[in-house]
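Examination of the molecular architecture
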Amino acid sequence: MTKSTDNAVTVRNVYKNYGKTEALRDLSLDFPRGQLTSLLGPSGCGKTTLLKIIAGLLPATSGEILVNGEAVKAPGPDRAFVFQDFALMPWASVMRNVAFGLELRGVVKSERESIAEKYIREVGLTGFENSYPHELSGGMRQRVGLARALSVDAQVLLMDEPFSAVDEQTRRKFQEDLLGLVKNENKTFIFVTHSIEEAVYVSDQIAILLPRPSRVMEIIRPSGFRDKEVDSIRRDPEYLDIVDRIWASLRSYVE
Amino acid sequence: MTLFGYKLPNMSSLILWGILWEIIGQMELTFFLPPLSDIFTTLFEIGGTPPFINALKETALAFSVGTLSAIVIGVPVGILMGKNQLIDELLLPWVNLFLSAPLTALVPVLMVLFGFGLKSIIITTALFAIWIIVLNSRAGVRQINQSLVEMSKSFGATQMNALTKIYFWAALPEILSGVRIGFIRAVKGVIIGQLLISIVGFGSLFELYASNFLMSHFWAVLIVLFALSFIIAEFLAYLERRVDYYASRR
């Protein structure tokens, strides 16, 4: 099978049925390497289902997922997941939570802690290594989740509405930080969101999914404002146009 | 509790009941209730004697081996039941049956199967403790946050990893409360075992004192037993409170 080196992840003709319910029907989508692709759509359009299939957490009924040209069926070290509800172990310190992915891979303690240390610093949690999740705010907890995903050094980061459980101001900060990550980390990001503004703000490519049956309606690639300063994006005419255009096409699907 | 503006320490009502007991005892209304002061005098008299120490040792041995095996078997079984639908369907009816069954009625059967010795007493003790431990571990696992399970999977956890690093810890608050209730039930189990199977340990002291109408001796042993099980239960409750902070946040 030939592969396009430009795409870190390729979804090909994926079907997913729950009994008689069709969650995904013949869905194909490419995720360019080093870029952030958003999966955007109304609730029930199967965006989280698709993300979990790519993660290997759910089996597809048929079709295939290629990561770096190889078909995957189970979770692997090439992908790391950031959870909507953070999924931190409440009984473990920030340090152990961040290092947990490495712990499962059998990395020795001193080594994994020095790696974790680095990513704890990177997400701005230095000084909280020995805190427990319940001592942190929602935003800080998601930083722990992010540091855990980064520390396993996977090429593909799968993010399931990662900022939906944090407050508005923290979310804006996260979105700005995410742009920095995409620029500096050279990883491929797949980002599920239900916020149009968020998707347009952070994405190199936006895949709009529609429900019943789930399909990719449109792929939008914002081009003009990607290299602008983070605080001028929201005033960019192209940004505003795309937000309007997406809302116009999604409006009829929102009950 | 607060009384007339003073904050009373926990269990200060015990003092009131103690005084009432002493008064009724001094009135010599019934041989069954000697004054509390007599009971404590007796307690200090018999407390250091070899028969008492022996009884304490025998009971402690049967109790600790019994409860320990109940935990070692009960916790993993409960976790597996919570995790695996098939195992759950197979075992749940039995666990519920034995949880509510009058286990004392089973003791003669155990005697036939395992003889009249320590082994039967230990099994009786374990049998009293294990079912609630199984049920609580199962309940703890069943309300685990599914994200944590997916998280461990996505980072490549094996089944064994998931069991020991996620399921056990997530269920720990429930497991501990199961163990606490199990311990309280095991106290009942060990004494019933020692009374019915072979008259040893505290069971033999109860038998001896009751049949000779040595009521203050009888009460003294009972108070020691109360105190011991109370201390164990409180210690486990303390452990439970230590992990409580994350029980609501899974």
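Each value, and the rule that gives it
- Residues numbered from 1 in each chain as written.
- Chains lettered and ligands numbered in written order.
- Predicted model: local features only at pLDDT ≥ 70, side-chain atom pairs only at ≥ 80, totals over all residues.
- Helix = DSSP H or I, 4+ residues; strand = E, 2+ residues; numbered from the N terminus.
- Contact = placed C-beta atoms within 7 Å.
- Core = buried A, V, L, I, M, F, W, Y, C linked by C-beta atoms within 7 Å.
- Buried ≥ 20, exposed ≤ 12 C-beta atoms within 10 Å, placed from the backbone.
- Domains from an automatic or database assignment.
- Nonpolar A, V, L, I, M, F, W, Y, C, P; charged D, E, K, R; others polar.
- Axes fitted to C-alpha atoms, helices over the stretch in contact; angles between N-to-C directions.
- Parallel < 35°, antiparallel > 145°, perpendicular 65-115°, else oblique.
- Left-handed = near helix turned anticlockwise from the far one by under 90°.
- Pairing = 2+ DSSP bridges.

Further remarks concern the overall build of chain B. For chain B, the count of helices and strands is 11 helices and 2 strands. When the helices and strands of chain B are placed in sequence order, the string is β-β-α-α-α-α-α-α-α-α-α-α-α. A separation of at least 24 residues holds for 76% of the contacts in chain B among residues at least 6 apart in sequence.

This next bit is on the nonpolar core. In terms of nonpolar packing, the biggest core is built from 129 residues, with Ile54(A), Val98(A), Ala147(A), Leu157(A), Leu158(A), Ile190(A) and Ile133(B) touching the most fellow members. A per-element tally of this core places helix 6 (residues 118-142) of chain B first, with 15 residues. Domain assignment of the residues forming this core places at least three in each of domain 1 (7-78 + 156-253) and domain 2 (88-153) of chain A. Ignoring any residue separated from it by four or fewer positions in sequence, one finds Val98(A) in contact with Ala116(A), Tyr119(A), Ile120(A), Val144(A), Ala147(A), Arg148(A) and Ser151(A).

The subject of this paragraph is the interface of chain B and chain A. Put simply, an interface is often sized by how much accessible area is lost when its parts join up. Contact with chain B, which involves 15 residues of that partner, is made by 17 residues of chain A. No other element matches the 6 residues that helix 7 (residues 146-154) of chain B contributes to the side of chain B that touches chain A.

With respect to the helices, strands and loops of the structure, Asp244(A) is situated in helix 7 (residues 237-250). On a C-alpha basis, the gap between Asp244(A) and Ser223(A) in space is 16 Å, while along the polypeptide they are 21 residues apart.

Residues and elements named next belong to chain A. Entries for chain A in the domain assignment read domain 1 (7-78 + 156-253) and domain 2 (88-153). Averaged C-alpha coordinates put domain 1 and domain 2 at centres separated by 25 Å. Tallying the contact residues gives 7 residues for domain 1 and 5 residues for domain 2. Residue composition of the side of domain 1 that touches domain 2, grouped by class: 5 nonpolar, 1 polar and 1 charged.

The next thing to look at is the environment of Ile130(B). Residues and elements named next belong to chain B. Here Ile-130 shows up in helix 6. Placed 43 residues apart in sequence, Ile-130 and Pro-173 show a C-alpha to C-alpha distance of 17 Å. Those residues within four positions of Ile-130 in sequence are excluded, and the remaining contacts are Ala-70, Ile-73, Gly-74 and Gly-182.

What follows concerns the packing of helix 3 (residues 50-83) of chain B against helix 9 (residues 172-196) of chain B. Residues and elements named next belong to chain B. At their nearest, the axes of helix 3 and helix 9 sit 9 Å apart, and the two run at 140° to each other. With respect to their mutual orientation, helix 3 and helix 9 come out oblique. Crossing of helix 3 against helix 9: the hand is right-handed. In this structure, helix 3 contributes Thr-59, Ala-62, Phe-63, Gly-66, Thr-67, Ala-70, Ile-71 and Val-75 to the contact, and helix 9 contributes Ile-175, Val-179, Gly-182, Phe-183, Ala-186, Gly-189, Val-190, Gly-193 and Gln-194. Of the residues contributing to the contact of helix 3 with helix 9, the split by class is 10 nonpolar, 7 polar and no charged.

Residues and elements named next belong to chain A. Taken in spatial order, the 4 strands make up an open sheet running 2-1-4-5, and their pairing is antiparallel. Both outer strands of the open sheet, strand 2 (21-32) and strand 5 (70-71), are each paired with one neighbouring strand and no more. Where strand 1 (residues 7-18) meets strand 4 (residues 62-67), 5 bridges bridge the pair, whose relative direction is antiparallel. Across the sheet, Val-11 pairs through a bridge with Ile-65, a residue of strand 4.

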